[in-house]
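# Architecture and fold: a report
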Amino acid sequence: MNLFDERINRYGTHSVKWDHTDAIYEKENLLPMWVADMDFRAPQAVIDALTKRSQHGIFGYSMPTEDTKSAIQKWLDRRHKWSIQQDWIVFTPGVVLALSAAVNVYTKKGEKVVIQSPVYYPFRDMVEKNERHVVDNPLRLEKDKYVMDYDHLEQTLKDPEVTMLLLCNPHNPVGRVWTRNELLKLAELCTRHNVLIVSDDIHFDLILKENKHTLISTLSDDIASNTITCIAPSKTFNLAGMQLSTIIIPDSEKREQFNEYMGKLGLFAPSPFGITAIEAAYTHGEEWLEQLITYLEGNLDYLKSFIAERLPEIEVIEPEGTYLVWLDFRKLSMSHEELERLIQEDAKLALDEGYIFGEGGKGFERMNIACPRSILKEGLERLEQALLQRK
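So, how was this worked out
Residues numbered from 1 in each chain as written. Predicted model: local features only at pLDDT ≥ 70, side-chain atom pairs only at ≥ 80, totals over all residues. Heavy atoms only, no water. Pairing = 2+ DSSP bridges. Helix = DSSP H or I, 4+ residues; strand = E, 2+ residues; numbered from the N terminus. Contact = heavy atoms within 4.5 Å. Axes fitted to C-alpha atoms, helices over the stretch in contact; angles between N-to-C directions. Parallel < 35°, antiparallel > 145°, perpendicular 65-115°, else oblique. Left-handed = near helix turned anticlockwise from the far one by under 90°. Expected span 1.5 Å × (residues − 1). Nonpolar A, V, L, I, M, F, W, Y, C, P; charged D, E, K, R; others polar. Buried < 20%, exposed > 50% of the residue type's maximum accessible area, 1.4 Å probe, protein only.

### Thoughts on the sheet that holds strand β11 (residues 315-317)
The four strands are arranged β11-β12-β15-β14 in an open sheet whose pairing can be described as antiparallel. Looking at which strands have only one partner, the edges of the open sheet turn out to be β11 and β14 (352-353). By the bridge criterion, five bridges tie strand β12 (residues 324-328) to strand β15 (residues 364-368) in an arrangement that is antiparallel. Residue Trp326 lies in a different strand from β15, and its bridge partner there is Arg366. Packing of helix α13 (residues 286-310) onto the sheet brings it into contact with β11, β12 and β15, and relative to β12 it is tilted by some 15°.

Rendered as structure tokens:
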């Protein structure tokens, strides 16, 4: 049996995905294929390292060491061709917190922040909850592929009240892995109009098929100085519960401002388990990751084949990265309320409703395929039965 085929019972582990889905959706017996964590065990090297650390039995205050930062450096250099300095690294309990911090540190109340919808909904939340204004630069869907609207973006960036852009790469939920040329064009516009880029690259290790990921900060030193890069091992190795992300800030003044704000929040050091996990994952997790990507590609192929043969009403926006698939239900001509009832009440599935990602997400659903193929099969069959009953 393939390492990733095992169905692991996650009930009783305080899992948001499995223990709390029915309460969150206010429905019973839903199959959870929504929140972005995987139903796979972490690499054995990570489990072994955490087991050894727990057996020590003392869990006092901890701090990352040079070894921690070295593991990150080597991973970025080896996998992403980015040579960074250790002092560029700042740790936070998560990327969403880092987005909120960046909005607070680098913009003023009432200023404007650009997002590119349909996009991960905390982008909008972190802007609005911190009393800044969202300006949308919507992505355009052209022939089953999303692209950036640069003409609209340039007009948007000319507004002097626009001071920041939140970039998602790979893009969640539409799955684009932006090309070097696409990123260069965006970076040049932001530089020209003095707009800071905050780039969420949390899915950057999960690149499918022949696609290539580019960290925008690798394009030039000037672009790096105008960019805050947010990464984490959480999506790569299924370690979201470790609450440890890496924020890379090459510009010393911006880094000092960020650290000062983190100090105001009283956030000084990660947990010993987060440190242990990140060191083990980046040092010993590469072979496991390659096996994972192969399995995810197989799941994607299975989903595409199933939908083409048995659910022709649905169109797959094929992801270039991530384990999240953006499904287009618009041929059904349903309101988003009707579509939600179809998914949750008829199919008994918990997916992420497209409208939560922005106006352009209406008529879409986001499905998490980072699960054993038997769970994916069950989810698709539930959807098939719901659509057959509707006819």
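Having seen the model, we can carry on.
### Structural notes on the packing of helix α7 (residues 150-157) against helix α8 (residues 180-192)
Close contact between α7 and α8 brings their axes to 9 Å; oriented N to C, the two are set at 20°. Classified by the angle between their axes, α7 and α8 sit roughly parallel to one another. Viewed along their axes, α7 and α8 form a crossing whose handedness is right-handed. Across the interface between the two elements, Tyr150, Leu153, Glu154 and Leu157 of α7 pack against Glu182, Lys185, Leu186, Leu189, Cys190 and Arg192 of α8.

### A few points about helix α15 (residues 373-390)
For α15, with 18 residues, the first-to-last C-alpha span of 26 Å sits near the 26 Å given by 1.5 Å per residue. Those residues of α15 that are buried lie in contact with α1 (16-19), β1 (31-32), α13, α14 (336-346), β13 (349-350) and β15.

### Regarding the packing of α14 against α15
The interhelical angle for the contact between α14 and α15, taken along N-to-C directions, is 120°, at an axis separation of 9 Å. With respect to their mutual orientation, α14 and α15 come out oblique. For α14 against α15, the interelement crossing comes out right-handed. Here Leu342, Ile343 and Asp346 of α14 come into contact with α15, specifically with Leu383, Ala386, Leu387 and Arg390. Class assignment for the residues of the contact of α14 with α15 results in five nonpolar, no polar and two charged.

### Details of the side chain of Thr246
Along the chain, Thr246 turns up in strand β10 (residues 245-248). Here Thr246 falls in the buried class, since its relative accessible area comes to 0%. Aside from chain neighbours lying at most four places away, what touches Thr246 is Ile72, Ile89, Val90, Phe91, Thr229, Cys230, Ile231 and Ile278.

### Here we look at the sheet that holds strand β9 (residues 227-231)
Taken in spatial order, the seven strands of this open sheet run β2-β10-β9-β8-β7-β3-β4, and their pairing is mixed. Lying at the two open borders of the sheet, with one neighbouring strand each, are β2 (89-92) and β4 (133-136). The mean angle between the axes of side-by-side strands here comes to 25°, regardless of whether they run parallel or antiparallel. With respect to the sheet, helix α11 (residues 252-264) is in contact with β2, β8 (196-200), β9 and β10, its orientation differing from that of β2 by roughly 25°.

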